[in-house]
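# Secondary and tertiary structure notes
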Amino acid sequence: MIEKVIILEDIDPITFYGVNNANMQLIKALYPKLRIVARGNVIKVLGDEEEMHAFEENITKLEKYCAEFNSLKEEVIIDIIKGNAPQAEKSGNVIVFSVTGKPIIPRSENQQKLVEAFKKSNLVFAIGPAGSGKTYTAIALAVRALKNKEIKKIILSRPAVEAGEKLGFLPGDMKEKIDPYLQPLYDALQDMIPAAKLQEYMENNVIQIAPLAFMRGRTLNDAVVILDEAQNTTTQQIKMFLTRMGMNTKMFVTGDITQIDLPSSQTSGLIQALHILRGIRGISVVELNKKDIVRHKLVEHIVEAYDKFDKERKEERERLKAEKDKEQEEMK
């Protein structure tokens, strides 16, 4: 009789054990000769050495499956322990699986271009309207890279620029004032990583979410770094961000150049960077449009309406300017 301790490192034990420990009870039933005790992320096993070896091997397979698919069903447990390959669930275009086991895939041609750009480039600019999936796709790719151990950390950042509100009037300390600006990033992560595992990652700085100002002075190695809402960076801020890139690091810069909240006197760092850096090898630019919008159908109509309004207003300004120039010319 020997005793072994197995530690579940890459998964959420709650998902692995199942509702009311149903998965664990099934595993115990399939190994009646072993005494198995599971608490937290630790499984203690007592029993015959040969049986123990098979158990340990299958637990590793189950853990790997659970980490990839964010779920563990009873039929999968039976298949793996009985020595059968579980039925393939993964299609070629799945990026990761959500916490509910739902596949997260590119939902438009341009989102697929983002996936391809991430493979071949170290710096990817994703430009498009609200709801086009640019940030969500970028975070999904970052989570996949972390799960595959291609990187050691994910760093997500946004400029804390006011869109009609004032930071000083928000309640709380600096972190509490800033967190609402970063909430969309938390939301995406919570879709893809079980809550307990996400909390562990954040406590250990494996996943870091911070305002852009906190990036200054850092060199970011072995990471996927995502700058969201980049249209609201100044020219100095985006240069500072881009020069943080270290070894084995990929960067995503996402933004919507139709929603710039900077003062009118300031140039958007994103617009300037696109102009300066376009064409450099290792940098990809993917432009999404209203056809890529994957939110409520109304969002597409709202974007179209505002585009139409902005176009009409621009044409009116140009018409008035032309009339004024003509009057001044006639007065000479």
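So, here's what we can say about the structure. (Residues numbered from 1 in each chain as written. Predicted model: local features only at pLDDT ≥ 70, side-chain atom pairs only at ≥ 80, totals over all residues. Heavy atoms only, no water.)

This paragraph deals with the side chain of Q208. Its location among the elements puts Q208 in strand β8 (residues 207-211). Sequence-distant contacts of Q208, that is, excluding residues within four places in its chain, are made with K153, I154, I155, L156 and R218. (Helix = DSSP H or I, 4+ residues; strand = E, 2+ residues; numbered from the N terminus. Contact = heavy atoms within 4.5 Å.)

Right, let's get into the pattern of salt bridges. Evaluation of the coordinates by the stated rule reveals nine salt bridges. Notably, a salt bridge pairs E229 with R158, separated by 3.4 Å at the nearest N-O pair. Taken together, the residues span a long stretch of sequence, with E229 in the loop between β9 (223-227) and α9 (235-242) and R158 in strand β7 (residues 153-158) at a distance of 71 residues. One salt-bridge network, in which partners are shared between bridges, spans R158, D228 and E229. (Salt bridge = Lys/Arg side-chain N within 4 Å of Asp/Glu carboxyl O.)

Sheets are built from strands that pair by backbone hydrogen bonding, the pairs being arranged parallel or antiparallel. Strand order in the open sheet formed by six strands is β8-β7-β9-β10-β6-β11, and the pairing between neighbours is parallel. Where the open sheet ends on each side, the last strands, each with one partner, are β8 and β11 (283-287). Neighbouring strand axes in the sheet, compared pairwise and without regard to direction, differ in orientation by 15 degrees on average. Against the sheet, helix α10 (residues 269-277) engages β6 (123-127), β10 (249-255) and β11, with an angle of about 125 degrees to β6. (Pairing = 2+ DSSP bridges. Axes fitted to C-alpha atoms, helices over the stretch in contact; angles between N-to-C directions.)

Turning to the packing of aromatic side chains, a few remarks are in order. Under the counting rule described, the total for this entry stands at five aromatic pairs. Plain terms: the ring middles of Y31 and F55 are 5.2 Å apart, the flat faces sit at 90 degrees to each other, and that makes the pair edge-to-face. Linking Y31 in the loop between α2 (22-30) and β2 (35-39) with F55 in helix α3 (residues 49-69), this pair joins segments that are 24 residues apart in sequence. Y31 sits in the buried class, given a relative accessible area of 5%. Measuring from centroid to centroid gives 4.4 Å for Y65 and F69, while their planes differ by 35 degrees, and the two rings are tilted. (Phe/Tyr/Trp six-rings, centres within 6.5 Å; stacked < 30°, edge-to-face > 60°. Buried < 20%, exposed > 50% of the residue type's maximum accessible area, 1.4 Å probe, protein only.)

Our focus in this paragraph is the environment of I209. Within the secondary structure, I209 is located in strand β8. Residues in contact with I209, not counting those within four places in the same chain, are L156, L182, L185, Y186, L189 and M202.

So, about unusual backbone geometry. Of note, the phi angle at N20 is positive, near 55 degrees, even though the residue is not glycine. Positionally, N20 belongs in the loop between α1 (13-17) and α2. With phi around 60 degrees, N21 is a residue other than glycine that occupies positive phi space. Here N21 is to be found in the loop between α1 and α2. When its relative accessible area of 36% is taken as the criterion, N21 is described as partly exposed.

What follows covers the pairing of β7. Two faces make up the sheet, and in a regular strand the side chains alternate between them. Counting buried residues along β7, five of its six residues qualify, which places the element largely inside the surrounding structure. Sheet topology places β7 next to β9; five bridges connect them, and they run parallel. Looking across to β9, one finds that L156 is bridged to I226. Note: β7 against β8, five bridges, orientation parallel.

Turning our attention to the nonpolar core. Among the nonpolar cores identified, the biggest contains 37 residues, and I139, L189, M192 and I207 are the most heavily contacted of them. Of all elements in the fold, only α5 (109-120), β6, α6 (134-147), β7, α7 (174-192), α8 (195-203), β8 and β9 reach the threshold of two or more residues within this core. Excluding its chain neighbours within four sequence positions, the residues that come into contact with L189 are I139, V143, L156, L198, I207 and I209. Listed in part, the 28 residues of the second largest apolar core include L34, Y65, F69 and V94. (Core = buried A, V, L, I, M, F, W, Y, C linked by side-chain atoms within 4.5 Å.)

Three- or four-residue spacings in an α-helix give side chains the same orientation, since the helix completes a turn every 3.6 residues. Those residues of helix α4 (residues 74-81) that fall on the buried side of the exposure criterion are V76, I77, I80 and I81. Along the long axis of α4, the arc covered by the buried residues comes to 120 degrees, so they all point the same way. Looking one or two places after α4, you find G83, whose phi comes out positive at around 90 degrees. (Arc of directions from axis to C-beta.)

This part takes up α10. Along α10, the residues classified as buried are G269, L270, A273, L274 and L277. Taken around the axis of α10, the buried residues stretch over an arc of 135 degrees, which confines them to a single face. Seen from the buried face of α10, the exposed residues on the opposite side, beyond 90 degrees, are H275 and I276. Looking at the buried side of α10, the elements it contacts are β6, α9, β10 and β11.

Structural measurements only, silent on function.
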